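# Architecture at a glance
Spelled out from the first residue to the last, the chains are:
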Amino acid sequence: MSLTKDDGVEAARGRSSRRNSLLSKQLAVAVKSVQWSYAIFWSSSPTQSGVLEWGEGCYNGEMKKRKKRNEAHYKHVLQRSSQLRTLYLCMREGDSTTTISTTHDDDDYQNCNSRSMMLSPDDLSDEEWYYIVSMSYVFSPSQCLPGRTLATGETIWLCNAQYADSKFFSRSLLARSASIQTVVCFPYLGGVIELGVTELISEDPSLLQHIKSCLLETSKPDCSSKNFFAHQDNDDDDKKKNHEIQFGISDLMLDEDLHYKTTVSTLLKYASDNNSHHRQPPDLASSNSGSSFLRWKQPDSNLLLKPSNLKPLRQNVLRKILHDVPLMHSVDAKRMLPNNTFGLNQDDPSVKRKENEKFSVLRTMVPTVNEIDKEEILNNTIKYLQELEERVEELESCMGSVNFAERKRKSLNDSVLIEETSGNYDDSTNIDGNSGETEQVTSFRDETRLRVKLNETDVVMEVRCFYRDYIVADIMETLSKLHMDAFSVRSHTLNGFLTLNLKAKLRGAAVASVGMIKRELRRVIGESI
Amino acid sequence: MDNSAPDSLPRSETAVTYESPYPLYAMSFSSSSSTTHRIAVGSFLEDYNNRIDILSFDPDSMSVKPLPSLSFDHPYPPTKLMFSPPSLRRDLLASSGDFLRLWEITDSPSSEPLSVLNNSKTSEFCAPLTSFDWNDVEPKRLGTCSIDTTCTIWDVERSVVETQLIAHDKEVHDIAWGEARVFASVSADGSVRIFDLRDKEHSTIIYESPQPDTPLLRLAWNKQDLRYMATILMDSNKVVILDIRSPTMPVAELERHQGSVNAIGWAPQSCKHICSGGDDAQALIWELPTVAGPNGIDPMSVYSAGSEINQLQWSSSLPDWIGIAFANKMQLLRV
């Protein structure tokens, strides 16, 4: 078969695919024979003269699963290379805006759609990644290694490729991550063949000759190849640099960076399986005129965030919205019956009732309601609050004329008890928290006492005094004068001594203070207290 | 409209400011189906009388004006406001507080805010709502979350409860819809759970806060890429990005705020961008890379507001604008 220069690789599909497969086989043979990592054929683009783009390639390097490069049979090499190519094409197909023209066969396309042996980017080694990203590169005349090779028609042997200047070798950064240390380019068939390896191999013309012979082509007269060492600052380099400056090297640099970045981001966008909702990503760079945002800059290290330097973490408004505002509503919740069922726990009734009792005890005592707590916490809270209240009452009574001795309940067995209880009384009105169980008490002399406790909207009162006629009615009248409505009353009279437990609701906004309530009650009860 | 520009706002000529007589918290943009762009803002006054104001925004002239005839009262501060999604034909505004209320905002400026649909469980006491979310795909479905640890799914067309689930062990702070039947919620128990209405018995915990029981305060589900969610913790300057395919391990923790984060919002048009606002008075736009650098992810751009940013909304009806609320002001920032 004659491989003439005129038959660009963009010729009729059938021929080109045959040729491509032949070329790839040749590349495979060549690269395997010298045991290098990869071979790429950069072909001339038919549309733009002098522009080089991906033609064919063969990957013979490390894979994640297979470490040794040399074990693979030549057929595996070809298969792997085509897998990588397919993967690249699929990645690119995910982004329909790119316009790099390629010679992708129909076969590849079908494979792409059927996703038969699909690789995912996670499966790739660094070298393979380098290989795939290389597929995206396009070189204008005299740009980078392949461009320059084509322009000058000479072989270029680049050692320490990973340290090369981006102007020479735009993929040097990639090469560094892939550990590609040597890259060789030579012109071939109107394009450029590039080979690379992860070892540092110094220039070897015989190797080159060998490769060329593998490609089954009568080699061109062997031009003197230039051996570039990246760190060398010699005249040739300067000449090359000068030469390159003509092309506006700074733009080239940016372009290459940009190219790399856009390629990588394009490919990685595929990797994130973003096939749907593909809109043009907005230009969120704040260098846009009219944007309110400024570009982010790394703050000074002085201001850099250390845990101790953080402003006091408050989240004030957010916390209030989540915690306090709902509780503003729940103030109204106290109107509800104590045995209200909230939550959907439909467990056995005794548990529910016990829970509800404890909940209502808490609610009468504690301003903020947190209904969802464990039982032990509730018990502890109740006890703690009782202790606090007793202390407060004692302190208050130091100024008053009320005796506070150890309070004991009279035993029910001792004497006749006249006990009246209102309908919705519950045991929680006992200020000391006894939940209705009788205690063994010894008889003691009658003590007079007056306790008032003011909650958010409730008042809990306990009166112990000598009984007189209509004393309870007078107390209730006093309460209503103080804008309170009693809703729970329990009284018992024993031996002329009255014990009265009351719960009343504040009627309106006018809230009587504890002192005022006590004063009024004392007045009603008389000087017995 | 007040274009006040303190010195700390370098590019305030592109920000549109509305100054309100009272502090603002809740905010919502009207959906794209309405002809004029409307913004509802809810006041944050710690007593019974609060107000919801409707503003109209004109991006071309960059002006925002209140529509006083459309303002109405709300008992206690609304914990969240949200306009109905475009898939619902009518233009409704929902507010959450003690109950879920639906308001009808009509176009003619002279009308009163119509039909207050008071949705509450009639037999039982309805625990106050901390947040809610309107399902975009299935617009008659609205999910609310409450301090009684439950999430309730409403059918707003028929005004009935579709279902109620006990979502967490403690108060639920936020809820977000993913698909038509899938929602996620965050709670004071520190977990993010995903629920599927087809299987109400089970939920998936996809993240738990590293310090046990650190409440998670807000949740945002990326509508462009349903695999990703963002959440913020109490007292934390981090925005935690989660991938629902890999539970418990966050994909990224964005830690560049100098104060705790108060609000987050995903970009409506791009799956990789998210904006966050915090107590450091900064709004940061982040672009999430596929591979994070060693020092963490840096934000793309920053905006410094006058004071702590309490609310942030990035609406799909106005993808070029981000609304933030701080102190008494509501600002619209051009992206």
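Per an unreviewed UniProt entry, chain B is named Protein TRANSPARENT TESTA GLABRA 1, and its organism is Raphanus sativus.

Chain A is annotated in an unreviewed UniProt entry as Transcription factor MYC1-like of Raphanus sativus. According to UniProt, the comment filed for chain A under the heading Subcellular location (unreviewed entry) is "Nucleus".

Strand pairing in a sheet relies on backbone hydrogen bonds. The paired strands run either parallel or antiparallel. If you trace the 5 strands from one edge of the open sheet to the other, you get β8(A)-β26(B)-β25(B)-β24(B)-β23(B), paired in antiparallel fashion. A single partner strand is all that each edge strand has here, and the edge strands are β8 (294-295) of chain A together with β23 (261-266) of chain B. In terms of strand pairing, β23(B) meets strand β24 (residues 273-278) of chain B through 5 bridges, oriented antiparallel. From the neighbouring strand, V261(B) faces β24(B), where its bridge partner is G278(B).

The phi dihedral of Q35(A) is positive, around 60°, even though this residue is not glycine. With respect to the element layout, Q35(A) can be found in the loop between α1 (13-34) and β1 (38-44). Exposure remark for Q35(A): the relative accessible area of 40% places this residue in the partly exposed category. In the Ramachandran plot, D235(B) falls in the positive-phi region, its phi being about 60° despite a non-glycine side chain. Structurally, D235(B) can be placed in the loop between β20 (228-233) and β21 (239-243). Overall, the relative accessible area of 31% leaves D235(B) in the partly exposed class.

Turning our eyes to something else, we now look at the packing of helix α13 (residues 471-481) of chain A against helix α14 (residues 514-525) of chain A. Residue and element names in this part refer to chain A. At a closest axis distance of 10 Å, the pairing of α13 and α14 adopts a crossing angle of 150°. Here α13 lies roughly antiparallel to α14, going by the angle between them. The two elements α13 and α14 cross, and the hand of that crossing is right-handed. Contact residues: I471, D474, I475 and T478 in α13; E520, L521, V524 and I525 in α14. Grouping the amino acids of the contact of α13 with α14 by side-chain chemistry returns 5 nonpolar, 1 polar and 2 charged.

How each quantity is defined
Residues numbered from 1 in each chain as written. Chains lettered and ligands numbered in written order. Predicted model: local features only at pLDDT ≥ 70, side-chain atom pairs only at ≥ 80, totals over all residues. Heavy atoms only, no water. UniProt positions renumbered as here; feature names shortened; annotations may be inferred. Pairing = 2+ DSSP bridges. Helix = DSSP H or I, 4+ residues; strand = E, 2+ residues; numbered from the N terminus. Buried < 20%, exposed > 50% of the residue type's maximum accessible area, 1.4 Å probe, protein only. Axes fitted to C-alpha atoms, helices over the stretch in contact; angles between N-to-C directions. Parallel < 35°, antiparallel > 145°, perpendicular 65-115°, else oblique. Left-handed = near helix turned anticlockwise from the far one by under 90°. Contact = heavy atoms within 4.5 Å. Nonpolar A, V, L, I, M, F, W, Y, C, P; charged D, E, K, R; others polar.

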